[in-house]
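# A closer look at the structure
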Amino acid sequence: MRLSFSASDPGLRRQIIGLALLAALLLVALPLGLDAFRLNLFGKYLCFAFVAIGLVLCWGMGGILSLGQGVFFGLGGYAMAMYLKLEASTPEATKIQSTPGIPDFMDWNQLKALPLWWEPFHSLPFTLIAIIALPVAFAFIIGTAMFRRRVGGVYFAIITQAIAAIATILIIGQQGYTGGVNGITDLRTLHGWDIRPDSARVTLYFVCAGLLLLAAVLALFVQRSKLGRILIAMRDQEDRVRFSGYDVAAFKTFVFCLGAVFASVGGAMFTLQVGFMSPTIVGIVPSIEMVIFCAVGGRLSVIGAVYGALLVNLARTSFSESFPELWLFGLGALFIAVVMAFPSGLAGVWVERIEPLLARLLRRKTTTPADPNAPEAPEPAPLTRDAAGRRPGAATLNALSTNPLPATPMTDAAARAAL
Amino acid sequence: MFGEYSLSELASIFAMQGFSGLILFSVFVLMALGLAIIYGQMGVINMAHGEFMILGAYVTYLVSRAFGELPHALFNVYFPVAMVAAFLVAGALGAFVEWALIRRLYRRPLDTLLATWGLSLILQQLYRTIFGAREVGVTMPEWMMGSLKLSDTIEVPINGILVMGIAVAISIAVGVMMHRSSWGRQVRAVVQNRTMAGAVGIDTERTDRLTFAVGCGIAGVAGSAFTMIGSTGPSSGQLYIVDTFLVVVFGGAASLLGTIASAFTISQAQSILEFFLSGSMAKVLTLLTVVGILMLRPQGLFALKLRK
């Protein structure tokens, strides 16, 4: 994999600055400005940002729209929840049950012993490996089966949505093994460390933010590498890439697996921070909402996707606190608006509208004072613009990919190939 | 599995489950026909399809309330009126949606999917605001209730038979429209080659709008028929959407016959499994099998042989 690094590359500079501002926001500004409760809430939003980053790679770059990301989110979340639940269900803590030592919901459902497939989740290393390996294996099976048969686009979206539906029905139906519709609740300690007090929640927030930044770096690396170029080429002209000798299915499967891992890590962090996992975060509706986080941020922008997840979730919390009636109208309108009017999302709005505007304003300021013969004003560096007093959140959206969205988004080529 | 039942009991079980499977089959056919036209013929993903069905159900509910004010004799025949009204209202909304949203997105099918999902959220909230969050049911005329006793152990409900009748009638109507009318010929021509269809004088934009409207109208009729066997809530539509898409895709997207065959297979498998397993496991097994088959055979049961 050859990287096109060069010091004068404006795209790279932009991405590094965007990443630095995001890190400043997540690691400094939010922890300083928010109390532990609100910070925990933002930690929860960040979990969805993992999924959104994965979708930028799969959907924005690769043209693979998965409506089943909730399943991968759930895989990671449930793996973590099973480990935590087993740790919470010691024989002493559960001695009032008819079978002590098994999770409470199993006892309520008349199970007499721990199911065999729960046993490995006693081990933390196994759980951590499972959080990575399970989604990869699952995504690999789905990806290989579908992409080898040259299926993609809309068809892939429908199948992944069906998988999300199946997962929810299965989890709800098998409540003796999965906790049913309530999910796995009452989680207490991670390897002996209590995750419930505020101090632990703050620590978990930092772990989550750190992992998210790591994921963003990884995604940006993929985006800038030759792999990223091939993904975009495949999205726009799949046959041409195939005829050039590339194994299209292998690239698609890889990026789908990567997106699945991101979602799964997000799910595991969700369980740790929220303290439960339930099928309501796995099904069709949450899965498709994860797509809108990505679309709002900008389907081609890794860093935009993080802001998309934060903003949409923040809007949901504040709307459903004050106007629960309006939230669905707002969300529906958001879906339509982002598709019809802003196909490249917030990142696109930033690059196309706000950045030129700022550049014009700054240029006027720097050139009017004295010297009319001053040389062309240089491209203003985003940091100086941020010093001009804008929200740090909005300022980092400029970390767009090096490939701005073409006028007609290009998802149709892949979809046509499917039908 | 079968050990504890006697032979005649087994026969009755299969007959009864087969019949409830037939009702499920009719439901699936009704749901899927509209989508088979919109997705199968136009290639448009309409995630709000379930909400168009619910619209038909609510129209039926309103008509039944209106007829409740009229003399009793008229109440017996409100159903046909309600179905026509449901077709017209859902069709009109469909034409509007095509004009406002869909026609701008024909080249971006994945975006259509997201936009129509947004539409479905808005419609759901609209229903909730207008009709309340609780489910509503229609009052049925007396002749539509009760059941027919075929033998000592086998009984079939009348409303189930009616739903089946409606499904058959609409399937035939759609088949005739698609293959005998000039509209059907135009739709098929536009699907096969849009540019050439336009060149020989077919108004492709009008054809698209009409096709989308008819598909939505059929969804409305389906919703109207569903009021006979269940109540309607603002978010009932979302329950149907996965089943409906799977039926259409499994049948082979462009084939009406395939849609009917796949609706039959899926519904029979599910309702027979339901007797021996819990309802949710029957559903999971059926859907898993369908998804598995689709992964191996993406073109579905009945694929059109087309050179692309």
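Residues numbered from 1 in each chain as written. Chains lettered and ligands numbered in written order. Predicted model: local features only at pLDDT ≥ 70, side-chain atom pairs only at ≥ 80, totals over all residues. Heavy atoms only, no water.

Going by an unreviewed UniProt entry, chain B carries the name Urea transport system permease protein and comes from Camelimonas lactis. Recorded in UniProt under Subcellular location (unreviewed entry), the annotation for chain B is "Cell membrane". (UniProt positions renumbered as here; feature names shortened; annotations may be inferred.)

The name recorded for chain A in an unreviewed UniProt entry is Urea transport system permease protein, from Camelimonas lactis. As stated in UniProt under Subcellular location (unreviewed entry), the record for chain A gives "Cell membrane".

### A closer look at the overall build of chain A
The helix and strand tally for chain A stands at 18 helices and two strands. Residues classed as buried in chain A amount to 57% of the 419 residues present. Within chain A, counting contacts between residues at least 6 apart in sequence, those at least 24 apart form 79% of the total. Per element, the accessible surface of chain A, about 17300 Å² overall, is 66% carbon and sulfur. (Helix = DSSP H or I, 4+ residues; strand = E, 2+ residues; numbered from the N terminus. Buried < 20%, exposed > 50% of the residue type's maximum accessible area, 1.4 Å probe, protein only. Contact = heavy atoms within 4.5 Å. Areas by Shrake-Rupley, 256 points an atom, 1.4 Å probe, with all protein chains shown as cover.)

### Points about the UniProt feature "transmembrane region" (unreviewed entry) in chain A
All names here are of chain A. On the UniProt side, "transmembrane region" (unreviewed entry) is annotated at positions that read residues 16–34, 46–75, 124–147, 154–173, 202–222, 243–270, 290–314 and 326–351 here. Its end C-alpha atoms 17 Å apart, residues 46–75 is made of 77% helix and 0% strand. For residues 202–222, the end-to-end C-alpha separation is 30 Å, with 100% helix and 0% strand making up the annotated structure.

### Description of the packing of helix H3 (residues 69–88) of chain A against helix H11 (residues 248–274) of chain A
The axes of two packed helices give the description: the angle between them and the distance between them. All names here are of chain A. Here H3 crosses H11 at 40°, and the two axes come no closer than 6 Å. Classified by the angle their axes make, H3 and H11 are oblique. Two packed elements cross with a definite hand, and for H3 against H11 that hand is right-handed. Along its contact with H3, which presents Gln-69, Phe-72, Phe-73, Leu-75, Gly-76, Gly-77, Met-80, Ala-81 and Leu-84, the element H11 presents Phe-256, Gly-259, Ala-260, Ala-263, Ser-264, Gly-266, Gly-267, Ala-268, Phe-270, Thr-271 and Leu-272. The class makeup of the residues in the contact of H3 with H11 is 12 nonpolar, eight polar and no charged. (Axes fitted to C-alpha atoms, helices over the stretch in contact; angles between N-to-C directions. Parallel < 35°, antiparallel > 145°, perpendicular 65-115°, else oblique. Left-handed = near helix turned anticlockwise from the far one by under 90°. Nonpolar A, V, L, I, M, F, W, Y, C, P; charged D, E, K, R; others polar.)

### Here we look at the packing of helix H14 (residues 324–340) of chain A against helix H5 (residues 109–131) of chain B
In the contact formed by H14(A) and H5(B), the axes pass within 8 Å of each other and the chain directions differ by 160°. The orientation of H14(A) with respect to H5(B), classified from their angle, is roughly antiparallel. Regarding H14(A) and H5(B), the two cross each other, and that crossing is left-handed. Along the lines of polarity and charge, the residues of the contact of H14(A) with H5(B) split into 14 nonpolar, five polar and three charged.

### Focus on the interface of chain B and chain A
In this complex, chain B contributes 44 residues to the contact, which on the side of chain A involves 46 residues. When the two sides are added together, the surface that chain B and chain A hide from each other amounts to roughly 4100 Å², 78% of it contributed by carbon and sulfur. A per-residue breakdown of the area chain B buries against chain A is headed by B:Leu110, B:Leu114 and B:Met295, which together make up 18% of the total. Where chain B touches chain A, the interface holds one salt bridge. The shortest N-O distance in the salt bridge between A:Arg299 and B:Asp111 comes to 3.3 Å. The tally of links between chain B and chain A comes to five residue pairs in polar contact (both at pLDDT 80 or more). Where the side of chain B that touches chain A is concerned, the elements lending two or more residues are H5, helix H10 (236–251) and helix H12 (279–296) of chain B. Here the element with the most residues in the side of chain B that touches chain A is H5(B); it accounts for 16 residues. Looking at the side of chain B that touches chain A residue by residue, the classes come out as 29 nonpolar, seven polar and eight charged. (Buried area = accessible area lost by both parts, 1.4 Å probe. Salt bridge = Lys/Arg side-chain N within 4 Å of Asp/Glu carboxyl O. Polar contact = N/O pair within 3.5 Å; in protein donor to acceptor, adjacent residues only side chain to side chain.)

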